[in-house]
Amino acid sequence: MRLSDFFPTEQILRDGDFTALGLSNSKGPEGMLSFLEDARFAGELLDNPRVCAVICRPEDGAAVAERKQGVVLSDTPRLTYFQLHNRLAELPDYCPPQAPSVIPESCHVSPLAYIAPTGVVLGENVTVEEFVSIHGPCRVGDNTVLHAGVKLGGPGYEFKYLPEGGVLDVAHCGGVTIGADVVLFENVTVHRAVYPWDETVIGDECRVNAQSHIDHGVKLGRRVKVCAGCIISGRVEAGDGVKFGPGVTVSNRIAVGDSAQVLLGSVVSKDVPAGASVSGNFAVDHGAHLAAVKAAARRD
């Protein structure tokens, strides 16, 4: 794909090819087209070797052109980027048609469940209880259990308000991968990723308790424990052995290191190091949080 195939000449500062779309810190394929609207993300975008072309404001064009092959100018880079994504989502080369679903005979599927006719691949001995809904692209590993009311593969919460009125709902073209020996309890929802090259991933031997939500592009490692009522926002990455306590909320773009613990009711707004234990709103080191609570109690 080439920028001049999609943008008028007057918007193109420097023409160039691109293979996919991705955000400033995306770990997608080589040759991505991204956008720059917020200066906070300029460093990570310009340093990302996978990004070769950028949609940016006219005043940022010269600086971006020093580092990137292709540059498109727009007064609203984010909106222009997602409008292009939605156009591409209608093209089979960008968002390929899905193959017929595969459901092995060893699976236990309730007659009250819904599995889309295309795009779903179940492993051996998967249990799908009543009122489960699975939409592709979605892969589910061997011996996984999907309890009643689970929904896999719904579109995520991503939209843009248009300046002239109306709403642009961003197409979700990516997939969902659920590992082997996973249990998703009642009414867990898992949204598919935005980009065709991306997936929302729940690793092997994870347990996600009832009424929890896993948003688009999240990556959970192996043996992650998600207690009831958690919200894991878009593109969170959690390592192996992480525990999210009941009612935890994790903001988007957060990294949680291996074996970290996010305790009861915490609200996480910054990265959590491996092995750390955090609590509170906003979450901080658990020991420091307890000390602050005790000091406040003494003052009272």
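For the structure, check the block above.
Rules used in this analysis
Residues numbered from 1 in each chain as written. Predicted model: local features only at pLDDT ≥ 70, side-chain atom pairs only at ≥ 80, totals over all residues. Heavy atoms only, no water. Disulfide = S-S within 2.5 Å. Buried < 20%, exposed > 50% of the residue type's maximum accessible area, 1.4 Å probe, protein only. Helix = DSSP H or I, 4+ residues; strand = E, 2+ residues; numbered from the N terminus. Pairing = 2+ DSSP bridges. Core = buried A, V, L, I, M, F, W, Y, C linked by side-chain atoms within 4.5 Å. Contact = heavy atoms within 4.5 Å. Lys, Arg positive; Asp, Glu negative; His and termini not counted. Salt bridge = Lys/Arg side-chain N within 4 Å of Asp/Glu carboxyl O. Polar contact = N/O pair within 3.5 Å; in protein donor to acceptor, adjacent residues only side chain to side chain. Phe/Tyr/Trp six-rings, centres within 6.5 Å; stacked < 30°, edge-to-face > 60°. 1 Å grid on protein atoms, 1.4 Å probe; cavity = no way out; pocket = protein on both sides within 12 Å on 5 of 7 lines; lining within 4 Å. Points joined across faces, edges and corners; volume = space filled by probe spheres on them. Nonpolar A, V, L, I, M, F, W, Y, C, P; charged D, E, K, R; others polar.

Before we move on, could you go through the state of the cysteines and cite the residues and values that matter?
Per the stated rule, a full pass over the model turns up 0 disulfides. You can see Cys-95 has no disulfide; the closest cysteine sulfur is in Cys-173, sitting 3.8 Å from it. You can call Cys-173 buried: its relative accessible area is 7%.

Tell me what's going on with the pairing of strand 3 (residues 32-36), and back it up with residues and numbers.
Of all 5 residues in strand 3, 5 are buried; the element is thus mostly enclosed. Of the two faces of strand 3, both are covered, the one formed by Met-32, Ser-34 and Leu-36 as well as the one formed by Leu-33 and Phe-35. One ladder, built from 2 bridges, connects strand 2 (residues 20-21) with strand 3; its direction is parallel. Opposite Ala-20, over in strand 3, you have Met-32 as the bridge partner. The pairing of strand 3 with strand 4 (residues 51-56) spans 5 bridges and is classified as parallel. If you follow Met-32 over to strand 4, its bridge partner there is Val-51.

Which residues make up the nonpolar core, and what values go with them?
Counting residues in hydrophobic clusters, the biggest one holds 46 residues, and the most contacted among them are Leu-122, Ile-134, Leu-152, Leu-184, Ile-202, Leu-220 and Phe-244. Contributing elements (two or more residues each) for this core: strand 8 (120-122), strand 11 (138-140) and strand 16 (175-178). Setting aside its immediate chain neighbours within four residues, Leu-220 contacts Val-201, Ile-202, Gly-203, Ile-214, Val-226, Ala-238 and Phe-244.

Before we move on, could you go through the sheet that holds strand 6 (residues 108-109) and cite the residues and values that matter?
Two orientations exist for strands paired in a sheet by backbone hydrogen bonds: parallel and antiparallel. Spatially, 10 strands are ordered 6-9-12-17-20-23-26-29-31-32 in an open sheet, and the strand pairing comes out mixed. Where the open sheet ends on each side, the last strands, each with one partner, are strand 6 and strand 32 (284-285). Pairing of strand 17 (residues 183-184) with strand 20 (residues 207-208) involves 2 bridges; the strand directions are parallel. What sits directly across from Leu-184, in strand 20, is Val-208.

Could you give an account of the side chain of Arg-192, naming the residues involved and the relevant values?
Summarising the element assignment, Arg-192 is placed in the loop between strand 18 (189-191) and strand 19 (199-202). Buried charge without a salt bridge: Arg-192, with Asp-215 as the nearest opposite-charge side chain at an N-O distance of 11 Å. Here the side chain of Arg-192 touches His-172 through a polar contact of 2.9 Å, landing on its backbone oxygen. Look past the residues within four positions of Arg-192 in its chain and what remains in contact with it is Gly-136, Gly-153, Gly-154, Pro-155, Gly-156, His-172, Gly-174, Gly-175, Val-176, Thr-200 and His-216.

For the packing of aromatic side chains, give the residues involved together with the corresponding values.
Counting across every chain of the model gives 7 aromatic pairs. Centre to centre, the rings of Tyr-157 and Phe-159 are 5.2 Å apart; their planes meet at 90°, and the pair counts as edge-to-face. You can call Tyr-157 exposed: its relative accessible area is 63%. With a relative accessible area of 26%, Phe-159 lands in the partly exposed category. Between Phe-159 and Tyr-161, the aromatic rings sit 5.3 Å apart at their centres with planes inclined by 80°, giving edge-to-face as the arrangement. The exposure class of Tyr-161 is exposed, given its relative accessible area of 63%. In this structure an aromatic cluster arises from ring pairing among Phe-35, Tyr-81 and Phe-82.

Let's hear about the layout of surface pockets: which residues, and what values?
Here the largest pocket defines a volume of roughly 620 Å³. As for the largest pocket, its lining consists of 26 residues, and the residues nearest its centre are Leu-23, Glu-158, Arg-235, Asn-252 and Arg-253. Listed by contribution, the elements that provide at least two residues to the lining of the largest pocket are strand 3 and helix 3 (77-88). Sort the elements by how many residues they give to the lining of the largest pocket and strand 3 lands first, with 3 residues. Its residues placed into classes, the lining of the largest pocket shows 9 nonpolar, 7 polar and 10 charged.

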